[in-house]
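Spelled out from the first residue to the last, the chains are:
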Amino acid sequence: MKKGGVASIILRSFLRTMGVILIFLAVGVASFYLTRLYYQKTARTERSTAYTHVIDVNTGSESSNLIYSFDKETGNIKAMVLELFDESTKNLVTIPKKTQISISTNTYEELVKASQNVPQLASMKKINQYFSGDVAYEYGIIILQEELKADIGYFTAIPSDKFDEYFENAGSKKKPKYKPSSALLDKVDACESQKDMEKLMDKEWEHVISDITLSQKKHYAEAFTQINRDYIRTFHAYTYKSGKSVRLSIKKNKRLINNIWESDTYTSAQKDKTSADKTVDAAALGYSIQVTNGSGINGLASAYQKKLEADGWTVQGIGNYAGGIQTTTTIYAQDKSWAKGLQSYFKDADIVQADQLTNGAEIEIVLGTNDALQ
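Residues numbered from 1 in each chain as written. Predicted model: local features only at pLDDT ≥ 70, side-chain atom pairs only at ≥ 80, totals over all residues. Heavy atoms only, no water.

Description of the layout of surface pockets
- In this structure, the largest pocket encloses a volume near 1300 Å³.
- For the lining of the largest pocket, the elements supplying multiple residues, two or more each, are β2 (77-85), β3 (90-95), α5 (160-166), β7 (167-169), β10 (232-236), β11 (239-242) and β12 (245-248).
- Looking at side-chain class alone, the lining of the largest pocket contains 16 nonpolar, 17 polar and 13 charged residues. (1 Å grid on protein atoms, 1.4 Å probe; cavity = no way out; pocket = protein on both sides within 12 Å on 5 of 7 lines; lining within 4 Å. Points joined across faces, edges and corners; volume = space filled by probe spheres on them. Helix = DSSP H or I, 4+ residues; strand = E, 2+ residues; numbered from the N terminus. Nonpolar A, V, L, I, M, F, W, Y, C, P; charged D, E, K, R; others polar.)

See the structure below:
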C-alpha cells in the first residue's frame, strides 16, 4: 500500500475519532447547561430545604400563613398579613409594620443564641437586620407569636413591588386592611380547574420566598379554585400606641382569631353563599364596638357588653351618652353593612353611617330606653 493511502486512512480515522470526541463534549456541555438551567428554574422550590428550620412548618388543611412584604434593598418589612385559610373561608389580618414586641425572657435567651443583634424589645420591621438568611422570617414568626397567641404554620415573603401587585388596601392609610388585588383575583377566577391553578402557582412562585416547597403549596390548589372573592374578609389587628410604634392587644387579637377559626355562623355562611346577612354577621365579629348608654338606665351598657361578647362580638369599651335621653337605639358604623347583624339585638334600631366614633371604634351602639333588658 502506498504511503499516501496509509496516511489518508490514518487521517480519516483521526478525524472520526475527533468527531466522536467533539460530539461527546458537546453533549456534556449541553447537559451541564441544561442541568444548570433546570436548577435555576427550580431553585426557588427547593430553597426551603437549604437551611435548618426553627419552627415546625405546618401546611395542614387549615393554613396559617404569615405574608411579609419586604424592601429588596434594605430588607425592611413594609407590610405583614396573616392569612387564615381553610376549604371554605379566607381571612386576612393585617399586622402593622410598626409593631414592637417585648420578647419573654426564655424566648429571648434562645434567640440570642442565634443572633446577638436581636433586642428584647423587637421591631417586626427590622427582623432582617436581626437575623440573616430566609430563616429570619421564621424567627419573625417566633417573635410575633409571643403576643399574637396564634399558631402560624409557615411564611411567604414577597418583594414590596410584587406585594403591591398582589394586594390592595381595603382600609385606611392609618389602619390598613390588605386584601388580594382585583388583578390577582381575576387570574384566580380564570383558573377553571386544579391544573390551571397549579400552572398559575408555577408562574408566580418564582417571585416569592417561603419555608415550604411549591409542591406543598399546590396542596391548596383545588381549594383556591373554589374561593369566592365576595367572601374574602379583611381585618386589622388590635393595637395601641407606644411612642412612635404600636403594640398588639393580646386579648382582643386572641378573641378575633378564635372567632375567625371557630365561628359556626361564618362557616355556614361561606357554604351557603345565598345568605348574605349571615356572612355580614360573622364578618362583623372582628370589628370593634363601643356601647354607649343613651337610656339613662344604670348598667345597661355593661349588660349589653356581656350579651354581645358572649355571642363573639368584640366590645372595646362602654360609656354614657353626652346628649339627652334616647328613646330608640341607634347603631353608628363606618360601613353600614358591618352593623346589620346587630339589629336583631334591639327592637327598632336604625343604622347610620358615621366616620368618627367614640374611642376610635368601628361601630358604636347608642342605647335607647326601648331596649331596656328585663
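Here's the deal with the pattern of salt bridges
- Per the counting criterion, the structure on display carries 13 salt bridges.
- A salt bridge links E204 to K187; the shortest N-O distance between them is 3.3 Å. Of the two residues, E204 sits in helix α7 (residues 194-205) while K187 sits in helix α6 (residues 182-189), which places them 17 residues apart along the sequence.
- A relative accessible area of 11% places E204 in the buried class.
- Through salt bridges with shared partners, one network takes in K175, K177 and E362. (Salt bridge = Lys/Arg side-chain N within 4 Å of Asp/Glu carboxyl O. Buried < 20%, exposed > 50% of the residue type's maximum accessible area, 1.4 Å probe, protein only.)

So, the confidence of the model for the protein chain
- For the protein chain, the mean per-residue pLDDT works out to 84, and 82% of the residues sit at or above 70.
- Note on residues 38-45: pLDDT is under 50 here. Beyond four places in sequence and across chains, it has seven contacts.
- For the stretch residues 264-282, pLDDT sits under 50, and the model shows 31 contacts to residues farther than four places along the chain or on other chains. (pLDDT = per-residue confidence, 0-100. Contact = heavy atoms within 4.5 Å.)

Some thoughts on the sheet that holds strand β15 (residues 330-333)
- Ordered by their spatial adjacency, five strands build an open sheet running β14-β13-β17-β15-β16, and the pairing between neighbours is mixed. Among the strands making up the open sheet, the edge pair consists of β14 (314-320) and β16 (350-353). In this sheet, adjacent strand axes meet at a mean angle of 20° when their direction is disregarded.
- This element, helix α13 (residues 300-310), spans β13 (288-293), β14 and β17 (363-367) of the sheet and lies at about 175° to β14. (Pairing = 2+ DSSP bridges. Axes fitted to C-alpha atoms, helices over the stretch in contact; angles between N-to-C directions.)

Looking at the environment of E147
- By the secondary structure assignment, E147 is in helix α4 (residues 135-148).
- Taking the C-alpha atoms as reference points, E147 and I250, separated by 103 residues in sequence, lie 5.7 Å from one another.
- When residues no more than four places from it in sequence are discounted, the contact partners of E147 are Q100, I101, S102, R247, L248 and I250.

Observations concerning the packing of aromatic side chains
- A full pass over the atoms with the stated rule returns 13 aromatic pairs.
- Relative to Y137, the ring of F70 lies with its centre 6.1 Å away and its plane at 50°, an arrangement referred to as tilted. Here F70, found in strand β1 (residues 63-70), pairs with Y137, found in helix α4; they are 67 residues apart in sequence, far enough to count as distant. You'll find F70 and Y137 in the same group, each marked buried.
- Arranged with centres 6.3 Å apart and planes meeting at 80°, the rings of F85 and Y220 form a pair that is edge-to-face. Here Y220 lies in the loop between α8 (214-217) and α9 (221-225) and F85 lies in strand β2, a separation of 135 residues in the sequence.
- Take Y220: its relative accessible area is 5%, and that puts it in the buried class.
- An aromatic cluster of at least three residues, connected via ring pairs, comprises Y68, F70, Y137 and F155. (Phe/Tyr/Trp six-rings, centres within 6.5 Å; stacked < 30°, edge-to-face > 60°.)

As for empty space enclosed by the protein
- Applying the stated criterion across every chain yields a total of two cavities of 30 Å³ or more.
- In this structure, the largest cavity encloses a volume near 540 Å³.
- Lining the largest cavity are 22 residues, and of these E83, K90, L184, K217 and F224 sit closest to its centre.
- Contributing elements (two or more residues each) for the lining of the largest cavity: β1, β6 (154-159), α6 and α7.
- The element that contributes the greatest number of residues to the lining of the largest cavity is α7, accounting for five residues.
- Looking at side-chain class alone, the lining of the largest cavity contains 16 nonpolar, two polar and four charged residues.

Some details on the environment of D71
- Examined against the element boundaries, D71 turns out to sit in the loop between β1 and β2.
- Once the C-alpha coordinates of D71 and P159 are considered, the two residues, 88 residues apart in sequence, prove to be 6.0 Å apart.
- Beyond its immediate stretch of four places on either side in the chain, D71 contacts N76, K78 and S160.
- Here E73 takes part through its backbone nitrogen, which lies 2.8 Å from a polar atom of the side chain of D71.
- Among the polar contacts listed, one links the side chain of D71 to the backbone nitrogen of T74, at a separation of 2.9 Å. (Polar contact = N/O pair within 3.5 Å; in protein donor to acceptor, adjacent residues only side chain to side chain.)

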